Each structure stands twice: as C-alpha cells, then as structure tokens.
Amino acid sequence: MRTAVVLLCLAQGVPGLWALVAPRSFYDGFPLPGFGWVAMFPPYNEHLVRDLGALSFALAVVLALSAVSLERLLVRAAAFGCLGFTVPHLVFHLGHLGRFGTADVVEQLISQIAPIALSVFILLVARQGPDKPADESRSGVSREDDAKAVPAAE
C-alpha cells in the first residue's frame, strides 16, 4: 500500500515541482527533453504552467502524508484526489491524440492510465482487510474507524 501511494506521490510531485520552479523548461521538455508534449498545446503561459505545478505538488504533499500515516481516510482521500485530476486529464488527452506520433500516444496513454489504475488499486485495498489502529500516541485520542490505518502490505 505504502509503495503504491509513494509511486503516485512521485508521479505528481516530480513534474509538479518541475513545472513550479522551471515552467518554461517544463513546457518545452515534458516528459523528457526532446519530447515536448506540453508544447504541442500552444501558446506558452507561465502563469498556468506554474499553477499546474503548484497544484500537482500540493497533491503530492497530501499523497506523501497519506503514505507516512497510512490512515484509511487520508489514503482514500488522497487516492480520490488523484483520480479527480487524472481522469479528466486522460479524457482531455483522448480527444487530442492526433497531434502525436504512435509512440508518443502509447507512452501518454500508459503514463495517464497507470496512476488511475494505481489509485483504484489503493481504494480497493484501503476498503478491505483488517483495520489497524492509527498511531494514537501522537494525539492521545482514539480515532474513528474510517481513520484507521490501512493494511501495510508493500
């Protein structure tokens, strides 16, 4: 479970931080220098690229916190939040694949379907299995059932 959430965190955090701190480089070179997938949708807009980066990085922070705590409610909220971004993102790209060559289409679809599948996996695992109480020593207060830790199967 933790590994799956960390993978989603990295998938959001790395490009998010890149877009936030170097928006022009992200626009011209995402996913790797020489590919320029974002540049296929001109014009460049620094404000929008930085905002996307900030939002993606913010989602990565929530994913990171859920990976550390493994609290059921937080893990599920983070996975649903990831779906809230990745599903509409995939839908947009499905309607605009004609701009890209076959290899880029396949790579994009894999890169966009993978986080959706991983989020669904997390949601399925987080709703089943034995509950483990979350670390109660931090607050000294018992947590609700849906805030208990999810199975830590990695």
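These remarks concern the structure in this document. (Residues numbered from 1 in each chain as written. Predicted model: local features only at pLDDT ≥ 70, side-chain atom pairs only at ≥ 80, totals over all residues. Heavy atoms only, no water.)

**Brief notes about the overall build of the chain**
Turning to step 1, where the next piece is worked out: Assigned secondary structure in the chain consists of five helices and zero strands.
Turning to step 2, where the next piece is worked out: The helix and strand sequence of the chain, counted from the amino end, reads α-α-α-α-α.
Turning to step 3, where the next piece is worked out: In the chain, which comprises 154 residues, the share counted as buried stands at 36%.
Turning to step 4, where the next piece is worked out: Here the analysis covers contacts within the chain between residues at least 6 apart in sequence; of these, 65% occur between residues at least 24 apart.
Turning to step 5, where the next piece is worked out: Total accessible area on the chain is roughly 8,500 Å²; 69% of this is exposed by carbon and sulfur atoms. (Helix = DSSP H or I, 4+ residues; strand = E, 2+ residues; numbered from the N terminus. Buried < 20%, exposed > 50% of the residue type's maximum accessible area, 1.4 Å probe, protein only. Contact = heavy atoms within 4.5 Å. Areas by Shrake-Rupley, 256 points an atom, 1.4 Å probe, with all protein chains shown as cover.)

**Observations regarding helix α3 (residues 46-69)**
The α-helix winds at 3.6 residues per turn, so residues separated by three or four positions along the chain end up facing the same way.
Turning to step 1, where the next piece is worked out: If you check α3, its first and last C-alpha atoms are 35 Å apart, about what 24 residues at 1.5 Å a residue would give, namely 34 Å.
Turning to step 2, where the next piece is worked out: Those residues of α3 that sit buried are V49, G53, S56, L59, A60, L63, S66, A67 and S69.
Turning to step 3, where the next piece is worked out: In this fold, the buried residues of α3 make contact with α1 (2-21), α2 (23-29) and α4 (72-94).
Turning to step 4, where the next piece is worked out: Put simply, N45 is the residue that caps the front of α3, since its side-chain oxygen is 3.0 Å from the backbone nitrogen of H47.
Turning to step 5, where the next piece is worked out: Among the residues trailing α3, L70 stands out with phi positive, at a value near 55 degrees. (Expected span 1.5 Å × (residues − 1). Polar contact = N/O pair within 3.5 Å; in protein donor to acceptor, adjacent residues only side chain to side chain.)

**Focus: the pattern of salt bridges**
Turning to step 1, where the next piece is worked out: The tally for this structure, following the rule as stated, stands at two salt bridges.
Turning to step 2, where the next piece is worked out: With a shortest N-O distance of 3.1 Å, R24 and D28 are connected by a salt bridge. Here R24 pairs with D28, and both are found in helix α2, just four residues apart, close to one helical turn.
Turning to step 3, where the next piece is worked out: In this structure, R50 engages E46 in a salt bridge whose closest nitrogen and oxygen atoms are separated by 2.8 Å. Here the residue R50 and the residue E46 both occupy positions in helix α3, the gap between them amounting to four residues, near one helical turn.
Turning to step 4, where the next piece is worked out: Classification of R50 by relative accessible area gives partly exposed; the value is 30%. (Salt bridge = Lys/Arg side-chain N within 4 Å of Asp/Glu carboxyl O.)

**Here we look at α1**
Turning to step 1, where the next piece is worked out: Spanning 20 residues, α1 covers 27 Å between terminal C-alpha atoms, matching the ideal 28 Å at 1.5 Å per step.
Turning to step 2, where the next piece is worked out: Restricting attention to buried positions, one finds in α1 the residues A4, V5, L8, C9, Q12, G13, P15, G16 and A19.
Turning to step 3, where the next piece is worked out: Buried-residue contacts for α1 involve α2, α3, α4 and α5 (102-126).

**Points about the nonpolar core**
Turning to step 1, where the next piece is worked out: In terms of nonpolar packing, the biggest core is built from 21 residues, with M1, V5, L8, L63, V75 and I122 touching the most fellow members.
Turning to step 2, where the next piece is worked out: If you list the elements that add at least two residues to this core, you get α1, α3, α4 and α5.
Turning to step 3, where the next piece is worked out: Broken down by element, the residue count for this core peaks at six residues, all from α4.
Turning to step 4, where the next piece is worked out: Listed in part, the five residues of the second largest apolar core include W37, L97, F100 and V105. (Core = buried A, V, L, I, M, F, W, Y, C linked by side-chain atoms within 4.5 Å.)

**A closer look at the environment of L73**
Turning to step 1, where the next piece is worked out: Following the sequence through the fold, L73 ends up in helix α4.
Turning to step 2, where the next piece is worked out: Of the residues examined, L73 reaches a relative accessible area of 48% and is grouped as partly exposed.
Turning to step 3, where the next piece is worked out: Taking the C-alpha atoms as reference points, L73 and A126, separated by 53 residues in sequence, lie 8.6 Å from one another.

**So, the side chain of H93**
Turning to step 1, where the next piece is worked out: Within the secondary structure, H93 sits in helix α4.
Turning to step 2, where the next piece is worked out: Excluding residues within four positions of it along the chain, H93 makes contact with F41, Q108 and Q112.

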